[in-house]
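Summary of structural features
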Amino acid sequence: MNVPVFIDIAVPYQTLELRTFLKSLGAEISEENAESGLSTDLKNIIEASKFCWNLNNDTEIEMVFNGIISLLLVVPVQEAESVVTLFCEKVGKLPEGDKRAALRLRMLSNLFYGLEEDASVRYVVLCSMVRLAGQNDLLSGVPVDLDKIKRWISLWEISSAKVQMLYRTLHESLTACNMRDVATKVMIELLGTYTEDNASQARDDAHKCIVTCLADPNTFLMDHLLSLKPVKFLEGELIHDLLTIFVSGKLGQYQQFYKNHTDFINSLGPSHEENLRKMRFLTFMQMCENRKEMDFSVIQEEMQMDKDQVEEFVIDVLRTKSVKARIDQIQEKVLINSTTFRTFSKHHWQIIRQHLAAWQNNLAGLEANFENVSLIQSQVQQP
């Protein structure tokens, strides 16, 4: 990537020009380059760069910082992380009253895409970009595609601790910008990075993951969470009991849990009303597993709602595509085609096996019929 620079001259002269310019703005910085080399020069320049924000011209500010970025791109790899981290701290943290979040984000983006794709220091820049964007509702300007980020992580070969920090930062920003579906996927990826180590942090992240899944209106299947090691650390705690209800329990079980632990539910974030809505959907999905049709009266009783609410409720469920069915308004019943299973156990594999066996028998029957038809045709055609 070609980055527009403050002044396009040799590196030592560019650092001198930057020093002189910053000093003219009021910075306490030497006009001579440091004897210890470029990394020290850049640290001095980055510390003094705060005076650039006093300029009224955003284009001039960006040109100065792009000059700094062009120097960061030639810092030796073994020295890059400390200098890049300092740059991100100075540019990525928005002082109170500063209205230039978009400009700051653009400069961080220039650095991120200026670095080689496999440069591990890009991790530092991406964390700073995600954090700044999340705090200022600018996440549309930051790469948050999970598959792309996972590919970068594999290229960077960074530690598990850094991967976890990146996922936490990403989750926090996605949640702040109400991008719950992606936030849910990020938290599940985060939990998958844990081993037996650091159980305390794993428990915290598992708790956040469960709350994120409960709060996401589009997440209905959560049985896979129970097999994750960090979630297993929570066994015996209220949050794990609540997750178990959302995995396989029914509406009545949730209502009893809420009655017994009202303060706990209210402390989590998702409202009781949101939880009720999801539990009604989940309970209905489970009721559809072994039924071909269901009377409105059954739905009314199980969902604990008024009769005139049933049809609207079923329509809301159908919008999620978790159940495929049609409504018979005249006979006041729901005709069920298929449903998404909330849990997938050995029993469900057996059902699939039975279906496959039935399809195989049907195909065999069709093949036999075709052979009979062919035989009849050949007999008819004989003189």
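This write-up is about the structure you can find in this document. The structure presented is a predicted model; accordingly, all values stated were derived computationally and were not measured. (Residues numbered from 1 in each chain as written. Predicted model: local features only at pLDDT ≥ 70, side-chain atom pairs only at ≥ 80, totals over all residues. Heavy atoms only, no water.)

1. What to know about the overall build of the protein
Check the secondary structure of the protein and you find 18 helices and 3 strands. Taken over the C-alpha trace, the protein has a radius of gyration of 30 Å; the compact-globule value for 383 residues is 21 Å, which it surpasses by more than 25%. Principal-axis analysis of the C-alpha atoms places the extent of the protein at approximately 100 × 75 × 45 Å. Here the protein, with 383 residues, has 43% of them falling under the buried criterion. Long-range contacts, defined as pairs at least 24 residues apart, comprise 61% of the intrachain contacts of the protein with a sequence gap of at least 6. Carbon and sulfur atoms make up 49% of the accessible area of the protein, which amounts to about 21,000 Å² in all. Averaging the locations of the 39 positively and 52 negatively charged side chains of the protein gives two centres separated by 4 Å. (Helix = DSSP H or I, 4+ residues; strand = E, 2+ residues; numbered from the N terminus. Rg over C-alpha atoms; globule rule 2.2 N^0.38 Å. Buried < 20%, exposed > 50% of the residue type's maximum accessible area, 1.4 Å probe, protein only. Contact = heavy atoms within 4.5 Å. Areas by Shrake-Rupley, 256 points an atom, 1.4 Å probe, with all protein chains shown as cover. Lys, Arg positive; Asp, Glu negative; His and termini not counted. Charge placed at Lys NZ, Arg CZ, Asp CG, Glu CD.)

2. Observations regarding the packing of aromatic side chains
Enumeration over the complete set of coordinates arrives at 12 aromatic pairs. Centre to centre, the rings of Phe112 and Trp152 are 5.2 Å apart; their planes meet at 70°, and the pair counts as edge-to-face. Taken together, the residues Phe112 in helix 5 (residues 101-114) and Trp152 in helix 7 (residues 146-156) connect sequence positions 40 residues apart. Of the two residues examined, Phe112 and Trp152, each falls in the buried class. Ring centres 5.7 Å apart and planes at 55° place the aromatic pair Phe281 and Phe313 in the tilted group. Of the two residues, Phe281 sits in helix 15 (residues 272-287) while Phe313 sits in helix 17 (residues 310-319), which places them 32 residues apart along the sequence. (Phe/Tyr/Trp six-rings, centres within 6.5 Å; stacked < 30°, edge-to-face > 60°.)

3. Observations regarding the sheet that holds strand 2 (residues 323-328)
Ordered in space as 1-3-2, the 3 strands form an open sheet in which the pairing is antiparallel. Edge positions in the sheet fall to strand 1 (293-295) and strand 2, since each has one partner strand and no second. Adjacent strand axes in the sheet meet at a mean angle of 25°, parallel and antiparallel pairs treated alike. Both strand 2 and strand 3 (residues 333-339) contribute to a ladder of 6 bridges, which runs antiparallel. Residue Ala325 lies in a different strand from strand 3, and its bridge partner there is Ile336. Across the face of the sheet, helix 16 (residues 296-303) comes into contact with strand 1, strand 2 and strand 3 while running at roughly 70° to strand 1. Sheet strands in contact with helix 17 are strand 2 and strand 3, and its direction is about 150° off that of strand 2. (Pairing = 2+ DSSP bridges. Axes fitted to C-alpha atoms, helices over the stretch in contact; angles between N-to-C directions.)

4. Regarding the pattern of salt bridges
One pass over the structure, following the stated rule, counts 13 salt bridges. For the salt bridge of Asp98 with Arg104, the shortest nitrogen-to-oxygen distance reads 2.9 Å. The closest approach of N and O atoms between Glu117 and Arg151, which form a salt bridge, is 2.6 Å. With Glu117 in the loop between helix 5 and helix 6 (122-135) and Arg151 in helix 7, the pair connects residues that are 34 residues apart, well separated along the chain. (Salt bridge = Lys/Arg side-chain N within 4 Å of Asp/Glu carboxyl O.)

5. Regarding the side chain of Arg122
When you line up the elements, Arg122 lands in helix 6. Of the side chains bearing the opposite charge, Glu117 lies closest to the buried Arg122, which forms no salt bridge; the N-O distance is 4.8 Å. Among the polar contacts made by the side chain of Arg122, one reaches the main-chain carbonyl oxygen of Phe112 at a distance of 3.0 Å. Side-chain polar atoms of Arg122 contact the backbone oxygen of Glu117, separated by 3.3 Å. Not counting residues up to four positions away in its chain, the partners in contact with Arg122 are Phe112, Tyr113, Leu115, Glu116, Glu117, Trp152 and Trp156. (Polar contact = N/O pair within 3.5 Å; in protein donor to acceptor, adjacent residues only side chain to side chain.)

6. Description of a nonpolar patch on the surface
On the surface, Leu363, Leu366 and Phe370 cluster together to form a nonpolar patch covering roughly 340 Å² of accessible area. Locating Leu366 in the fold gives a position in helix 18 (residues 346-381). (Patch = residues over 30% accessible without salt bridge, like charges linked within 9 Å, V, L, I, M, F, W, Y side chains within 5 Å.)

7. Considerations on helix 5
For an α-helix the count is 3.6 residues per turn, leaving residues at separations of three or four pointing the same way. Under the 1.5 Å per step criterion, the end-to-end length of helix 5 is 20 Å for 14 residues, consistent within 8% with the ideal 20 Å. Turning to helix 5, its buried residues number three or more, namely Ala101, Leu103, Arg104, Leu105, Met107, Leu108, Ser109, Asn110, Leu111, Phe112 and Gly114. (Expected span 1.5 Å × (residues − 1).)

8. A closer look at the packing of helix 2 (residues 38-48) against helix 3 (residues 58-72)
Two numbers describe how helix 2 lies on helix 3: the axes approach to 11 Å, and their chain directions differ by 160°. One element, helix 2, and the other, helix 3, form an angle in the roughly antiparallel class. Considering only the axes of helix 2 and helix 3, their crossing is left-handed. Contact residues: Leu38, Leu42, Ile45 and Ile46 in helix 2; Ile68, Leu71 and Leu72 in helix 3. The residue inventory of the contact of helix 2 with helix 3, partitioned by class, reads 7 nonpolar, no polar and no charged. (Parallel < 35°, antiparallel > 145°, perpendicular 65-115°, else oblique. Left-handed = near helix turned anticlockwise from the far one by under 90°. Nonpolar A, V, L, I, M, F, W, Y, C, P; charged D, E, K, R; others polar.)

9. Re helix 3
In a regular helix each residue adds 1.5 Å, so 15 residues correspond to 21 Å; helix 3 covers 21 Å between its end C-alpha atoms and thus fits that length. The element helix 3 is extensively covered by neighbouring structure, given that 11 of its 15 residues are classed as buried. Listed as buried for helix 3 are Ile61, Glu62, Val64, Phe65, Asn66, Gly67, Ile68, Ile69, Ser70, Leu71 and Leu72. On its buried side, helix 3 packs onto helix 1 (11-24), helix 2, helix 4 (77-92) and helix 5. Where helix 3 starts, the residue carrying a side-chain oxygen 2.8 Å from the main-chain nitrogen of Thr59 turns out to be Asn57.

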